Amino acid sequence: MAANIASSIAGKLAEYTVDIVLRQIKYLFFFNSNIQNLRDKVKDLEDRKNDVKLEVDVAERNAQIIKEEVLAWLLKVDDLKEKANKVLNGATSSEMQCLYNRCPNLKSRYLLSRRATKKTIEADKLKVEGTFERVSYPRPPMQTLNLTHHKGFETRLSIKKKIKEALEDEDISIIGICGMPGVGKTTMAKEIVNEVKDEKLFEEVAFVVISNNPDIKKIQDQLADVLGLEIKEKADESVRAGRLRQRLEGNNKSILVVLDDVWEEIDLGTIGIPSPRDRKGLKIMFTTRIEETCGKMEAQRKLEIKVLDEKEGWQLFKDTSGISDDETDDELLSVAKKVAKECRGLPLALVVVGKALKSNKATYKWRDALLQLQSRVTNLDGMENIVYKSIRLTYNYLESNEERDLLLLCSLFAEDESIPIENLVRYARGLELFQNTETLSQAQDRAKTVADKLKGCYLLQLGEGEDEVKLHDVIRDFCLKMATKDKCGYLVDHAGLKEWPEHDTDNSCGAISITFDKLDRLHSGLNYRNAKLLRVICRRLGECNIVEEFFEDMKELKVLELNAMNIQIPSSIQLLTGLRTLCLIECGIHSQLSIIGSLKKLEILSFYLSHFRDCLPIELANLSNLRSLDLRFQEISCPLRPGVLSGMKKLEELYLGDSIPIEGEDQRYIIEELYSLTSIHTFQISTLTPILMQLLKVPFLENLKKFQILVTTTPRGDFENQYLTRSLSLEDGIDASMLLEPAFTSLMKRTYHLRIEANKVLKNLVSELDGNNFINLKSLFLSRGDFEYLIDATNTIPNGTFGKLETLKLERLPKLIKIYNGNLPRVVLKQPLFYNLVTVDIRFCNAITSLFQESVAKCLVNLQRLGISACPMLEEVVSMDERENKVAKTSEMLEFPKLKYVRLFNLESFKSFTSQSNSNVISQALFNQVTLPNMEHLLVRGLDCIVKLLGKEMPITSLHKLTVLSVESCDELLTIAESDSIQLLQNLASFYVYNCFALKVLFDFEDHAESVLGRLRSLQLKYLDKLVHIIGIVPKGIRVFENLTSIVVERCGILKYLFSPSMAYSLVALNDLEVLDCGSIEEIIGNEEEGTSEIKIAEGMKTRIVFPNLNRLLLKNRSSIQMFCSQNCELVFPLLKDLTIENCPMMTKLSPWPVSAPKLDISNLLEKAGGLAEENQVCNK
């Protein structure tokens, strides 16, 4: 058995050995075939590689990404080919022979054949691996949004910062960006998209355009393309939306979807966008020109983009037009600035006009462009097809003719004029623009509703006053063009004409609104047969002769307004049978008014601030359709006659002025007539206390929406506001008993504006009157009274007292001790006391020592303006609460988050803003332990106890928005800011210091950032007797005043020099330098303080000091000055044009070396700087 096993194993070993030997022998015998086989396989592999490479090239041309396995395979093929070539090359070399090339080299053949066999197997394997279904895949979509780069503007950077903060806020998922057409909403959105991509705030970002006529399929295609999603379903919107939703919900990536140009609410689900509230990580940002859309789209953050300010607009215009501030043609530069100003900061208009004039510096073309823009007939490239087209889209989007008509009506006013909505109501009512509005009150509601809609579309802007609007000039020009198309044209000119403008097509004019400088005559024959509105304004009151036939060719007039003219009303006015609105404003009326009684359709009649020296005619009683009557004549010479009001049963607005007779039977009859007027909702009167006491029983008083009641001892024909809100003014002659009358109490509760100027009425307002009287009060003015407190909290005060108060003015109250007496209730008030207070102004209150207790001050979160003047006992603005005086005082920082403007004048005892900074009297600072993050203007005068302006305990952001600082007549002031607090003034732009006789150094600091006061542009120092240095020691490497453009130094008695050389090197922006009446100044640039500069002026070596932008230099009345700079410096003034040196007897040189001033007119030197002319000091080569 064992023998058999051994024999079997031996046989197997012999067989295996023979196979190995035969295989090795085959490498020798099949050498040529193995080599050829390798050559063939490499060729086949090369062909396959070329096919794959062609596919790769096609994919690369289509910007696709090549698969990694394909790239790796190509590298393997190249590597195999290189190694196979070595084998093939070796098969033909001389080393393959031996015995003098007579016999083959068996060893080499064996090795090469073996290698060839292995490489052949590898080639076969690679060829199989080189069969790819596809060599590439599409690159992830990269949406590129092209933008023209412009310098970042402050207004845009601040908005952009807020948008990014909202995008990073996890609690905000929908953001709306709104603004008027052409203001830059799309540009802002594109900039945000590009930046968030670069900063990788989101993993995916998609930007799609919606437009005013949304095409859902087109929007879906845009979104799918950007997301790299193929949607094969081309028909069914809902199926396509489902695919998009799956794509957006299918991963946890952070995604930002930007929807541009959204006009109305759009259902995100219809597109395929899931709700961001349901899908974490998804955010929606959209742009719209319709403010209401932000609410409909449920935007959690709404950000409005406004027009550029004048400076930014000019910069954008320069960038676009190629104009520079350094233009040698002064007229061209002046005209260019006017052209830019006509665009009123609208970026689209600035860019379009700038491009139209780019690279064209012929002044006559710029003048013509300016004329076209001012005349509204412009052929400038792009204005019609780009700017007006953008506005027209919004105009056409308006839902009703009422909206379009009211907008066009606004274009009748002058450029940039703030338009009272009540004016629009009067014109619209006369023109019958509002349908289904029977009463004037309904028309007013409709006008406000329409105005809100127009503001929401950014076609109108907020005006300067309450219930006023404005029309942007570019939109105004568009409206006037549309009026020509839709309304037979408007004739509008408010340039102050001398005579009636020329006209070609009188019959086509539907409305006329013209301002004259002064008009002598309104002549006949104007033939404005289709005119429905005529508005004529004169800037200067003068005699204007209106010919009797003037209105014969204007019989269609429905609205007539004459303003500031001395006139006789012509008899032809009777022909205006359709006239509904007649306003004679500030006119001197010399003729009888009885003729007006024939205008039976008249609904609005106003004599506001006009002169008429007679009684109102009884014929006015015929105006039975009258709804508004304004009798506020300027002179008290036109008493109301009994019977006039009796026929005016529809009257809704009655402005009586001083027209009620002071005494007699007429007074009684007129008051009885007032009882019969049941529709009055707007009422004004200026009268005596006895008359008012009778009027308090008139029924319509309970239903008044607006009123202005002045109780006075001396009627004076002085009416503050043409249009009313709810105001009550009480002067001498009233007493506390009258204030407690129920009818008066009812008025008080509805009053928005209260003014009391009366002696010996009340000691404190709230405790003696019901606090509920003040729940609606918006402004309060008290003067000449015996008030001790505004609020006496020792008694209970009603919740909501002064909760809506916005303005508080207290003046000449000699007994006023405190505004608030007692402790603020510990209970939480529904509306915190003074919560909405915006403005506080206190003057001539001799007894008050502090304004607010700390607990009250903490309620002033909306305070923006604070002014205090001539309060000699005032020590602080904020004092400690009385209950806190008994416990240890904390060092809590007090904040006024919205305070922008502070004025502190003539406060002899004033120590500090808050009592918390009173601990160290020796080094008293005006501000310490208080935060004022939005302060912009600080004006200080006559604070005799202040040693230092800024303390050390203020946060660095406390004054970071302060731009204007003025300090005057502070006798003990030693310095403005020391080292630790100078950086609080990092954004200061204008700084003025006058009459501070103890001030030695403005700023004293040791170690700071690279730049200090880097944004200061204007510096004025006057009457500073002890000023030694503007700035003390300037550490090495610190730049000071690098943006300063203007310096005025006057009567600084012991100042030796203005700047050190290192400071002078920083003054690269200085444009204007004035030094007057400084007798001790020896030179402008003095010696460098030891250790303060890296600049060394070595002896015998000359250095250069360049003032690259200095244009004007004035040195006057300086007896000690000898040179501008006496050191070894070459002075260079490349832009200096105006050099004046007056009464400086010691000065014959600016420098030991010649001064370079190439633009200076040397011929004027003898007259303006005679000493230098004699020395031939200045070189203008």
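Given the structure is predicted, the values throughout are model-derived calculations rather than measurements.

K.L.:
Can you break down the sheet that holds strand E11 (residues 461-462) residue by residue, with the values?
P.N.:
Pairing within the open sheet is antiparallel, and its three strands lie in the order E10-E12-E11. Unpaired on one side and paired on the other, strand E10 (419-420) and E11 mark the two borders of the sheet. Where E10 meets strand E12 (residues 468-470), two bridges bridge the pair, whose relative direction is antiparallel. Within the sheet, the bridge partner assigned to Pro420 lies in E12 and is Glu468.

K.L.:
Help me get a handle on the nonpolar core, residues and values and all.
P.N.:
The tendency in soluble globular proteins is for nonpolar side chains to be buried side by side. In terms of nonpolar packing, the biggest core is built from 216 residues, with Ile596, Phe802 and Phe834 touching the most fellow members. Residues within four places of Phe834 in sequence aside, it is in contact with Leu790, Ile791, Phe802, Leu805, Ile819, Phe852, Val856, Cys859 and Leu860. Of all hydrophobic cores here, the second largest spans 122 residues; its members include Ile271, Leu346, Leu412 and Ala428.

K.L.:
Help me get a handle on the sheet that holds strand E34 (residues 850-853), residues and values and all.
P.N.:
Taken in spatial order, the three strands of this open sheet run E34-E36-E39, and their pairing is parallel. On the outer flanks of this sheet lie E34 and strand E39 (912-914), each paired with one strand and no other. Taken over all neighbouring pairs, the strand axes of this sheet differ in orientation by 30 degrees on average, direction set aside. Bridge count between E34 and strand E36 (residues 876-879): three bridges; the pairing is parallel. Counterpart to Phe852 in the pairing with E36 is Val878.

K.L.:
Account for the packing of aromatic side chains, with residues named and values stated.
P.N.:
Within this structure, the stated rule accounts for 21 aromatic pairs. Look at Trp314 and Phe317: their rings are 6.2 Å apart centre to centre, the planes differ by 25 degrees, and that puts the pair in the stacked class. In this pair, Trp314 and Phe317 are both assigned in helix H11 (residues 310-321), three residues apart and thus about one turn of the helix distant. Both residues of the pair, Trp314 and Phe317, belong to the buried class. Three or more aromatic residues joined by ring pairs make a cluster, and in this case those are Phe774, Phe802, Phe834 and Phe852. Lying over the aromatic face of Phe905, Arg941 brings its terminal NZ or CZ to 4.0 Å of the ring centre.

K.L.:
Go over the pattern of salt bridges, please, and point to the residues and values.
P.N.:
The final tally for this structure, using the stated rule, is 57 salt bridges. In this structure, the salt-bridge partner of Arg668 is Glu665, at a minimum N-O distance of 2.4 Å. Residue Arg668 and its partner Glu665 are both found in helix H20 (residues 665-675); the two are separated by three residues, about one turn of the helix. The class for Glu665 is partly exposed, based on a relative accessible area of 45%.

K.L.:
Describe the packing of H11 against helix H12 (residues 330-342), and please don't skip the residues or the numbers.
P.N.:
Each pair of packed helices can be described by the angle between their axes along with the distance between the axes. One can describe the packing of H11 onto H12 by two numbers: an axis separation of 9 Å at closest approach and a directional angle of 115 degrees. When the axes of H11 and H12 are compared, the pair comes out roughly perpendicular. The handedness of the crossing between H11 and H12 comes out as right-handed. Counted together, Glu310, Trp314 and Phe317 of H11 and Leu333, Ala336, Lys337, Val339, Ala340 and Lys341 of H12 form the full contact between these two elements. A class-by-class count of the residues in the contact of H11 with H12 yields six nonpolar, no polar and three charged.

K.L.:
Break down the pairing of strand E28 (residues 753-757) for me, citing the residues and quoting the values.
P.N.:
With respect to burial, E28 is a largely interior element, four of its five residues being buried. In the sheet, strand E27 (residues 726-731) pairs with E28 via five bridges, with the strands oriented parallel. The residue bridging Leu728 from the neighbouring strand is Leu754, located in E28. Of the strand pairs in this sheet, E28 and strand E29 (residues 779-783) are connected by five bridges, and their pairing is parallel. Among the inter-strand pairings, Arg755 is bridged to a residue of E29, identified as Phe781.

K.L.:
Got a sec to walk through unusual backbone geometry? Specific residues and values, please.
P.N.:
Phi at Ser969 takes a positive value of approximately 55 degrees, unusual for a residue other than glycine. Position of Ser969 among the secondary structure elements: in the loop between strand E44 (964-968) and strand E45 (990-994).

K.L.:
Hey, could you go over a positive patch on the surface for me, with residue numbers and the actual values?
P.N.:
There is a patch of like positive charges on the surface, built from Lys161, Lys162, Lys898, Lys900 and Lys961. Within the secondary structure, Lys162 is located in helix H5 (residues 154-168). Classification of Lys162 as partly exposed rests on a relative accessible area of 42%.

K.L.:
Hey, could you go over the side chain of His472 for me, with residue numbers and the actual values?
P.N.:
Looking at where His472 falls in the secondary structure, it is placed in the loop between E12 and helix H19 (473-486). Relative accessible area serves as the criterion here: at 5%, His472 is assigned to the buried category.

K.L.:
How would you explain the confidence of the model for the protein chain if you had to name every residue and give the values?
P.N.:
Looking at the protein chain as a whole, its pLDDT mean stands at 84, while 86% of the residues score no less than 70. Ignoring residues within four places in sequence, the model shows residues 917-922, a span with pLDDT below 50, making ten contacts including any to other chains.

K.L.:
Can you explain the side chain of Ser783? Please cite residues and give values.
P.N.:
Here Ser783 is to be found in strand E29. Given the relative accessible area of 2%, Ser783 is considered buried. Aside from chain neighbours lying at most four places away, what touches Ser783 is Ile756, Glu757, Ala758, Glu811, Arg812 and Leu813.

What counts as what
Residues numbered from 1 in each chain as written. Predicted model: local features only at pLDDT ≥ 70, side-chain atom pairs only at ≥ 80, totals over all residues. Heavy atoms only, no water. Pairing = 2+ DSSP bridges. Helix = DSSP H or I, 4+ residues; strand = E, 2+ residues; numbered from the N terminus. Core = buried A, V, L, I, M, F, W, Y, C linked by side-chain atoms within 4.5 Å. Buried < 20%, exposed > 50% of the residue type's maximum accessible area, 1.4 Å probe, protein only. Contact = heavy atoms within 4.5 Å. Axes fitted to C-alpha atoms, helices over the stretch in contact; angles between N-to-C directions. Phe/Tyr/Trp six-rings, centres within 6.5 Å; stacked < 30°, edge-to-face > 60°. Lys NZ or Arg CZ within 6 Å of the ring centre and 35° of its normal. Salt bridge = Lys/Arg side-chain N within 4 Å of Asp/Glu carboxyl O. Parallel < 35°, antiparallel > 145°, perpendicular 65-115°, else oblique. Left-handed = near helix turned anticlockwise from the far one by under 90°. Nonpolar A, V, L, I, M, F, W, Y, C, P; charged D, E, K, R; others polar. Patch = residues over 30% accessible without salt bridge, like charges linked within 9 Å, V, L, I, M, F, W, Y side chains within 5 Å. Areas by Shrake-Rupley, 256 points an atom, 1.4 Å probe, with all protein chains shown as cover. Lys, Arg positive; Asp, Glu negative; His and termini not counted. Charge placed at Lys NZ, Arg CZ, Asp CG, Glu CD. pLDDT = per-residue confidence, 0-100.

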